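Take a look at the letters that make up each chain.
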Amino acid sequence: MSEVSAYDSLSEGILGPSNFALVGNPNCGKTTLFNALTGLKQKVGNYPGVTVEKKQGECFLNNGQKISLLDLPGAYSLHARSPDEAVLRDVLLGRRRDTPRPEGILIVVDATNLERHLYLATQIMELGIPCILVLNMMDIVAERQMSIDQATLSSSLGGLPIIPMSAAKREGLIELKHAMARTDIPLPSSGIKLDTSIAHGLESAWHQLRETGLLHPKQNLLEPLYILSDRDPMHSGVDDRQWKSLEAASKALAEAHPGWEDRLVAKRYDTIHSVVEKVVRRQADQGPTLSDRLDGFLLHPVWGWVALVAILSVLFTLIFKIADGPMGWIETFFDTLATQVTQGMPAGDLRDLISDGVIAGVGGVVVFLPQILILFFFIGLMEDTGYMARVAFMMDRVMSRVGLNGKSFLPLLSSHACAVPGIMATRTIDHPKDRLITILVSPLAGCSARLPVYLLMIATLVPTEEIPLLTRVGFLLAMYALGIGGAFLFAWIFHRGLIKGEGAPMILELPSYKAPAWSAVLWHMWERTRLFLRRAGTVILTISIVLWAALTYPRSEQEEPAMAIEHSLAGQLGKWMEPAIEPMGFDWKIGIGLIASFAAREVFVSTMSIIYSVEDSEDLKPLRDRLRSEKRRDGSAVYTPRVCLSLMVFYVFAMQCLSTVAVVRRETNGWKWPLFQFAYMTLTALLASTLVYQIGGWLGQS
Amino acid sequence: METTLERPEASNWIKLNHVSRGQKVRVQRIEGQESFCNRLREMGFCELTEIQILNNSGAMLCQVCGSKVCLSRQVADAILVTPSAS
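With that settled, consider the overall build of chain A. Helix and strand counts for chain A stand at 30 helices and ten strands. A buried classification covers 55% of the 702 residues belonging to chain A. Partitioning the intrachain contacts of chain A with sequence separation of at least 6 by distance along the chain shows that 73% fall at a separation of at least 24. Split by element, the accessible area of chain A, about 30000 Å² in all, is 61% carbon and sulfur.

Below, the discussion takes up the pairing of strand S6 (residues 131-136) of chain A. Residue and element names in this part refer to chain A. Within S6, six of the six residues are buried, which leaves the element mostly enclosed by the surrounding structure. Residues of S6 alternate between two faces, with Cys 131, Leu 133 and Leu 135 on one and Ile 132, Val 134 and Asn 136 on the opposite face, all of them buried. Two elements, strand S5 (residues 104-110) and S6, share six bridges in a ladder whose sense is parallel. Along S6, the bridge assignment pairs Ile 107 with Leu 133. What joins S5 to S6 is helix H3 (residues 114-125), and the crossover it makes is right-handed. Pairing analysis gives three bridges linking S6 to strand S8 (residues 162-164), with the strands arranged parallel.

Residue and element names in this part refer to chain A. Taken in spatial order, the seven strands line up as S2-S3-S4-S1-S5-S6-S8 in an open sheet, and their pairing is mixed. Each end of this open sheet is capped by a strand with a single partner; those strands are strand S2 (42-46) and S8. Neighbour to neighbour, the strand axes of the sheet diverge by 25 degrees on average, direction disregarded. Against the sheet, H3 engages strand S1 (19-24), S5 and S6, with an angle of about 165 degrees to S5.

This paragraph deals with the interface of chain B and chain A. Facing 33 residues of chain B, the contacting portion of chain A comprises 34 residues. Taking both sides of the interface into account, the surface hidden between chain B and chain A amounts to around 3100 Å²; carbon and sulfur atoms contribute 54%. When the buried area of chain B at its contact with chain A is split by residue, Arg 39, Glu 42 and Lys 68 of chain B rank highest and sum to 24% of it. Across the pair Asp 292 of chain A and Lys 68 of chain B runs a salt bridge, and its minimum N-O distance is 2.8 Å.

Okay, a nonpolar patch on the surface next. Among the surface-exposed residues, Leu 687, Leu 691, Ile 695, Trp 698 and Leu 699 of chain A lie close enough to one another that they form a single nonpolar patch of about 620 Å² accessible area. Relative to the helices and strands, Leu 687 of chain A resides in helix H30 (residues 672-698).

What follows concerns the sheet that holds strand S6 (residues 79-83) of chain B. On the basis of which strands lie adjacent, the open sheet formed by seven strands has the order S10(A)-S5(B)-S4(B)-S3(B)-S2(B)-S6(B)-S1(B) and antiparallel pairing. The sheet is open, and its two borders are formed by strand S10 (507-510) of chain A together with strand S1 (14-15) of chain B, each paired with just one other strand. Where S1 of chain B lies against S6 of chain B, two bridges are found, and the strand directions are antiparallel. Residue Lys 15 of chain B lies in a different strand from S6 of chain B, and its bridge partner there is Leu 80 of chain B. Across the sheet, helix H1 (residues 34-42) of chain B lies against S10 of chain A together with strand S2 (24-30), strand S5 (67-71) and S6 of chain B, angled at about 150 degrees from S2 of chain B, the strand it touches most.

A few words on H3 of chain A. With twelve of twelve residues buried, H3 of chain A lies mostly within the body of the structure. Residues of H3 of chain A that are buried include every one of Leu 114, Glu 115, Arg 116, His 117, Leu 118, Tyr 119, Leu 120, Ala 121, Thr 122, Gln 123, Ile 124 and Met 125 of chain A, and no others.

This next bit is on the domain arrangement of chain A. Assigned domains of chain A: these are domain 1 (9-180), domain 2 (196-281) and domain 3 (531-698). Here the C-alpha centre of domain 3 of chain A lies 52 Å away from the C-alpha centre of domain 1 of chain A.

Turning next to the pattern of salt bridges. Residues and elements named next belong to chain A. Throughout the structure, instances matching the rule amount to 29 salt bridges over all chains. For Arg 89, the salt bridge is made with Asp 90, and the minimal N-O distance between the two is 3.0 Å. Exposure remark for Arg 89: the relative accessible area of 1% places this residue in the buried category. Residue classification places Asp 90 among the buried residues on the basis of a relative accessible area of 0%. Here Arg 268 and Glu 126 are joined by a salt bridge, their closest N and O atoms 3.0 Å apart. Here Arg 268 is found in helix H10 (residues 260-279), whereas its partner Glu 126 is found in the loop between H3 and S6, with 142 residues between them in sequence. Like Arg 268, the residue Glu 126 is buried in the burial classification.

Our focus in this paragraph is the packing of aromatic side chains. Residue and element names in this part refer to chain A. For the structure shown, the criterion picks out 16 aromatic pairs over all chains. Seen from their ring centres, Trp 548 and Tyr 553 are 5.7 Å apart, and the 85 degrees between their planes marks the pair as edge-to-face. Here Tyr 553 falls in the partly exposed class, since its relative accessible area comes to 30%. Here the aromatic residues Phe 490, Phe 494, Trp 673, Phe 676 and Tyr 680 are joined through ring pairs into a cluster of three or more.

Moving on to the side chain of Asn 113 of chain A. Within the secondary structure, Asn 113 of chain A is located in the loop between S5 and H3. Those residues in contact with Asn 113 of chain A that lie beyond four places of it in its chain are Glu 509 of chain A together with Cys 65, Gly 66 and Ser 67 of chain B.

Bringing helix H25 (residues 588-596) of chain A into the picture now. The buried count for H25 of chain A comes to nine of nine residues, which makes it a mostly enclosed element. Every buried residue of H25 of chain A is accounted for by Trp 588, Lys 589, Ile 590, Gly 591, Ile 592, Gly 593, Leu 594, Ile 595 and Ala 596 of chain A.

Right, let's talk about the pairing of strand S3 (residues 53-60) of chain A for a bit. Residues and elements named next belong to chain A. Examined bridge by bridge, S2 and S3 share five bridges and lie antiparallel to one another. When the sheet's bridge partners are listed, Lys 43 is paired in S3 with Gln 56. Pairing analysis gives six bridges linking S3 to strand S4 (residues 66-71), with the strands arranged antiparallel. In the strand pairing of S4, Cys 59 is matched with Ile 67.

Residues and elements named next belong to chain A. It is the contact of helix H7 (residues 196-211) with helix H9 (residues 240-256), at a shortest axis distance of 10 Å, that shows an interaxial angle of 175 degrees. Between H7 and H9, the interaxial angle falls into the category roughly antiparallel. Residues Gly 201, Leu 202, Ala 205, Gln 208 and Leu 209 of H7 touch H9, and the partners they reach there are Ser 245, Leu 246, Ala 248, Ala 249 and Leu 253. Of the residues contributing to the contact of H7 with H9, the split by class is seven nonpolar, three polar and no charged.

Omega for the peptide link from Tyr 553 of chain A to Pro 554 of chain A comes to -10 degrees, which places this bond in the cis form. Structurally, Pro 554 of chain A is set in the loop between helix H21 (518-552) and helix H22 (561-567). Positive phi outside glycine occurs at Arg 170 of chain A, with the angle close to 60 degrees. Here Arg 170 of chain A lies in the loop between S8 and helix H6 (173-180). Classification of Arg 170 of chain A as exposed rests on a relative accessible area of 51%. Of note in this structure, Leu 48 of chain B is not a glycine but carries a positive phi near 75 degrees. Take Leu 48 of chain B: it is sitting in the loop between H1 and strand S3 (50-55).

Scoring rules and cut-offs
Residues numbered from 1 in each chain as written. Chains lettered and ligands numbered in written order. Predicted model: local features only at pLDDT ≥ 70, side-chain atom pairs only at ≥ 80, totals over all residues. Heavy atoms only, no water. Helix = DSSP H or I, 4+ residues; strand = E, 2+ residues; numbered from the N terminus. Buried < 20%, exposed > 50% of the residue type's maximum accessible area, 1.4 Å probe, protein only. Contact = heavy atoms within 4.5 Å. Areas by Shrake-Rupley, 256 points an atom, 1.4 Å probe, with all protein chains shown as cover. Pairing = 2+ DSSP bridges. Right-handed = clockwise from strand over helix to strand, strands pointing away. Axes fitted to C-alpha atoms, helices over the stretch in contact; angles between N-to-C directions. Buried area = accessible area lost by both parts, 1.4 Å probe. Salt bridge = Lys/Arg side-chain N within 4 Å of Asp/Glu carboxyl O. Patch = residues over 30% accessible without salt bridge, like charges linked within 9 Å, V, L, I, M, F, W, Y side chains within 5 Å. Domains from an automatic or database assignment. Phe/Tyr/Trp six-rings, centres within 6.5 Å; stacked < 30°, edge-to-face > 60°. Parallel < 35°, antiparallel > 145°, perpendicular 65-115°, else oblique. Nonpolar A, V, L, I, M, F, W, Y, C, P; charged D, E, K, R; others polar.

The structure is reproduced here in structure tokens:
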């Protein structure tokens, strides 16, 4: 490249760059380094307008200078393909108003695999920003008896400072901080030599782009047109005039040198190959690494599946087993709290609002925290060790049948515990359309809040006193299967027609396995949980209060809670909608239950207890017996098998979960998709349970 | 490396999907939209690069450019290869 200035204007100051961005491929150890530098003193937020995590932190250099650090999303290329990569590109080009262009860049590469990691690194070196190359994972380089000639590597990249280190072992941090304090970090050069004709063509393109201000004077991007040609209004700072000149330059270059872009990619790789050949010395074939041997087992056509099923079974057992205790404690805590309020405050609406509205509502959501925490812990663990990518590999063939890819599997699976962490886990899906579809169908997976309803209905449905285990499991499995089937069906429908844009078949690098960094896993778990509590909590609180009011007002003189609820707005609503839910076999009392469980499915059971004046307890039997003896006006039983089935099917499909609505709103940045989701799920639920009831009628079931 | 290699006849090219486990092949052509092809190239699947199929029990797992990359079947369908000499 022609322009290699040794000094930037920054070097004239007394201090070096005051902010650095960390850039690198996924799995290069960038986040580990970020954590090591900032000591977990970080702010995690969102880039406005997109669901990409923005991680910022601070660190002090050896000279006492305070530096702000920005951990940019991992990427393979500046040519963006996902929202994550678009954020990386736009921040580095200075095109995001919320984030200033960094003054210095730490390029983090996996030293054991320079061939791949130098690709993005050389692109970054053309940005005209001082860079430091961090050769991470040098401990593994030593382990494999490789050696890297750092002097030659530095000189072939324009004198770029190189710091060998191992972020996981915290080796080389002092040297890195020392280099970051330098006032004379040179501008690097990717050292890629182009064929003269293309170089000429590019020269004029550069000239045009610099003139319109689209390209920074010091930028020497090899693929400028390619990188700049994204015109997404969300993140691109390209105006009409600039766009015209971009198009003109693009056209001229494409006409003069058809296929120039792929030749540049090849050229980049050729150059990197020859550099790597010069600087990296490897021991002759060392045989398969530990990762290779693990993959031989974990990706084996037979044993791989056995291992996957075993790991997931253990995961789910743990979620339910470990979470059981703390969930009980949380319930007891909120119950005690409500009792305290009831006893301590004078009777009145305010007291009821606090005990029955606020405490019960918030408690109903917080009770799922143990499950959410455990699930996030395991997801973090699987991601951190590298197993998650293997799961995606294994599941890709199955998921692609319905237009999704392997990365959608884990969010869908997690949703069987709770859709909230499942939906938050969709952030690992890089393609927006696939992510949206996964979010939309995730709540169809049978989450644990449906269990109480299913169990009550099965108990009512099966005429014997004790339900045989097989019968119960059979019914439950049928409900889960219906949910999964529904999720796949709707994924297929959405993929086919409803949502525009192309799906992205998976291209996924499988990182080497590594021991988990526990502090990072725990941190990740806590961050996710905190976000859920803060954002979802406010919405949940509001709607809990509204629901409480609907179940309370207008007040009646009745002392009996069952009568009071009948008189309330929700009770009247239940009666009013009775004709509408009659085709499903429901009476107005069930209608009240549906309204009350609008915020959380499991509330159905406790509402039914109130309506039928049965003591709410762990034991379902009193309520079951009450339900079995309930009669319609004409004397026939209300809870016939087909009503029970119809009700279960309703809960399979209906989106009776406020936390999910809140989290979908948060993850999709607006009300459009949560409302759509609510509508399609509720309509399906109404339709499906009507079908069940009516078909049951034709089949002669009472 | 490009100059020393003779490119085999296009009629001998096969889809990456049909390559069996353990075989080494050389990329000849990538079919599809420009941005899709270039992303594959950026991941190391450049024309004339040698890759090895490590596993095809789920998606296609390839050893390319020093690391393991897995491709959906639809992606592997768009890559045309020839058996490598070795």
